[in-house]
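Remarks on the overall topology
These are the residues of each chain, in order.
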Amino acid sequence: MALLHLMAEWRAEGEARPDPTVLTVDHGLRAESREEAAMVARMAESSGLRHAILTWTQGASQSGGLQERARGARYDLMAAYCHAHDIPALVTAHHLDDQAETFMMRLKRGSGLDGLAAIPEESVWSGIAVLRPLLDMPKARLAATLVAAGLGWAEDPSNRDERFERARMRADGEALAKLGLTAEALARSARRLRRARAALDAAAQTFLATHGVMSEAGYCLIERAALIATPEEIALRAMARSVNAVSGRESRLQLAKLELLLEGLSENPKAAHTLGGCRLQPLGGRLGVFRETRGTGLPSLRLAPGERALWDNRFAVELRSSAPAPVTVAALGEARWRDLRGSAPWLDGLPRFAGATLPACFDGDQILVPTLGQGADAAGGGRAQFSARFVNAPSTFGQRAAFEGWN
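Residues numbered from 1 in each chain as written. Predicted model: local features only at pLDDT ≥ 70, side-chain atom pairs only at ≥ 80, totals over all residues. Heavy atoms only, no water.

The three strands lie next to each other as E12-E13-E18, forming an open sheet whose pairing is antiparallel. Since the sheet does not close on itself, it has two edges, and those belong to strand E12 (308-311) and strand E18 (386-390), each with one partner. Each strand axis lies, on average, 25° off the axis of its neighbour in the sheet, ignoring direction. Its contacts with the sheet place helix H3 (residues 66-84) against E12, strand E13 (315-319) and E18, and it is angled at close to 140° to E12. (Pairing = 2+ DSSP bridges. Helix = DSSP H or I, 4+ residues; strand = E, 2+ residues; numbered from the N terminus. Axes fitted to C-alpha atoms, helices over the stretch in contact; angles between N-to-C directions. Contact = heavy atoms within 4.5 Å.)

Turning next to the pairing of strand E4 (residues 122-125). Bridging between E4 and strand E5 (residues 128-131) involves four bridges; their strand directions are antiparallel. Each bridged residue has a counterpart across the sheet, and for Val-124 the counterpart in E5 is Ala-129. Taking the residues between adjacent antiparallel strands as the criterion, E4 and E5 are bridged by two residues, where Ser-126 takes a positive phi near 50°.

The strand order across the open sheet built from five strands is E6-E7-E10-E9-E8, with neighbouring strands paired in antiparallel fashion. The open sheet has two edge strands, strand E6 (212-214) and strand E8 (273-275), and neither has a second partner. Averaged over all neighbouring strand pairs, the angle between strand axes comes to 20°, with direction disregarded. Lying on the sheet, helix H11 (residues 232-247) is in contact with E6, strand E7 (220-223), E8, strand E9 (278-283) and strand E10 (286-291); it crosses E10 at an angle near 35°. Helix-sheet contacts for helix H12 (residues 255-267) involve E8, E9 and E10, and the interaxial angle to E8 is about 165°.

Within this structure, the stated rule accounts for five aromatic pairs. With centroids separated by 6.3 Å and ring planes inclined at 40°, the aromatic side chains of Trp-311 and Phe-315 adopt a geometry described as tilted. Here Phe-315 falls in the buried class, since its relative accessible area comes to 0%. Here the aromatic rings of Phe-315 and Phe-390 are separated by 5.3 Å at their centres, their planes lie at 45°, and the arrangement is tilted. On the criterion of sequence distance, the pair formed by Phe-315 in strand E13 and Phe-390 in strand E18 is long-range, its members being 75 residues apart. Each member of the pair, Phe-315 as well as Phe-390, is classed as buried. For the cation-ring pair, Arg-341 lies above Trp-337, with the distance from its terminal atom to the ring centre recorded as 4.6 Å. (Phe/Tyr/Trp six-rings, centres within 6.5 Å; stacked < 30°, edge-to-face > 60°. Buried < 20%, exposed > 50% of the residue type's maximum accessible area, 1.4 Å probe, protein only. Lys NZ or Arg CZ within 6 Å of the ring centre and 35° of its normal.)

Glancing now at the packing of helix H1 (residues 2-12) against helix H6 (residues 139-148). Here H1 crosses H6 at 60°, and the two axes come no closer than 9 Å. As for the relative orientation of H1 and H6, their crossing is left-handed in sense. Every residue of H6 that contacts H1 at Ala-2, His-5 and Leu-6 is listed here: Leu-142, Thr-145 and Leu-146. (Left-handed = near helix turned anticlockwise from the far one by under 90°.)

As a further point, take the state of the cysteines. Taken as a whole, this structure holds zero disulfides when the rule is applied. Left unpaired, Cys-278 is separated from the closest cysteine sulfur, that of Cys-220, by 7.8 Å. On the basis of relative accessibility, which here comes to 0%, the residue Cys-278 falls in the buried class. (Disulfide = S-S within 2.5 Å.)

With 63 residues, the main nonpolar core has Leu-227, Leu-303, Val-317, Leu-347 and Phe-386 as its most contacted residues. Of the residues forming this core, the biggest block, nine residues, is contributed by H11. Counting residues in hydrophobic clusters, the runner-up holds 16 residues, among them Leu-23, Ile-128, Val-130 and Val-391. (Core = buried A, V, L, I, M, F, W, Y, C linked by side-chain atoms within 4.5 Å.)

Applying the stated criterion to the full structure yields 14 salt bridges. We note a salt bridge from Asp-26 to Arg-34, for which the minimum N-O separation is 3.0 Å. Residue Asp-26 is classed as buried on the basis of its relative accessible area of 6%. Arg-34 sits in the partly exposed class, given a relative accessible area of 41%. A salt bridge links Glu-334 to Arg-352; the shortest N-O distance between them is 3.3 Å. With Glu-334 in helix H13 (residues 334-340) and Arg-352 in helix H14 (residues 352-356), this pair connects stretches of sequence that are 18 residues apart. (Salt bridge = Lys/Arg side-chain N within 4 Å of Asp/Glu carboxyl O.)

Together, Glu-232, Glu-259, Glu-263 and Glu-267 give the surface a local cluster of negative charge. Considering each element in turn, the negative patch owes the most residues, three residues, to H12. Along the chain, Glu-232 falls in helix H11. (Patch = residues over 30% accessible without salt bridge, like charges linked within 9 Å, V, L, I, M, F, W, Y side chains within 5 Å. Areas by Shrake-Rupley, 256 points an atom, 1.4 Å probe, with all protein chains shown as cover. Lys, Arg positive; Asp, Glu negative; His and termini not counted. Charge placed at Lys NZ, Arg CZ, Asp CG, Glu CD.)

What follows is the structure, given as structure tokens:
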């Protein structure tokens, strides 16, 4: 609510400033959640800001790791909305107390540099920039700002529910402060560690820009000999960046699994591996990183004329308003990729693992295969109405904002 208030004031200060859209995610886990979302909608409307409520429908259907799943769902929903409405950046209200709690939770688990660097000021989620301008601001200051403005807010009961680790850490805050472990001191340590992490990330970016290629078709190639020869810390970061970019997943990879992967690449250069939703396949002297299709498979969605959406957290897809009817967007698949190479010649230059995981439109018997980043070509000739853009290409290796590392 404080962020909403501050953004409204910021917008009112200059006519040339963009109009923010306020997003509220209703997880549907509490009876009060819809009314709280409606309260935010009313405040946004009174402040002259657009507002949308995004609903998570799968929260109660699964068990375990509720808060982590809710976090992922929250960002997935907001990123999909941003892609659908051509919004390049998402601003969140994480504050200094959140940073301190995250630092302590990861310290308790024995995290290394990346974990203890905690919440980055800038990051990327499914191709959308995530900005956190309040990260150095204490929660008390934000509450005081609302009180001074005569505005209220809602308290989430789960913030005090000690079944959740973050609530237990919050309850111990006073005892930690008596030992000198104040929120300010903990956040300061996290900030200094972020500086060290940024230096290592820059080295990993330089390595990938020199020895890697990210394709608009949603895969990347890395020179295997260079990967093995580079310092292990840089190699691990390069692999983690590549896997996250290609898989479309934003969850933190386990460092132990990355270390095993790098060891396996060195000991058996001809073997294929899987990690984090990707297949890592040797291709001559290079290592290909491709989206994996095993397990639950790749998703499908319906796209109406004029609509934009985010497919598989990897491709921003759009059906032009002149299209005659809605279509289904799903993975092309290896068999159809082989069949269509003659009618869409650019497909012939792709590795088969990449061709199989491209998005395609299915409209009855017709298959529409996009020319990535531009128009689209219909299988069998003619101009189609479907376009797709890989959200992590090709600037991932050169410009991607702060990488959140691993557990």
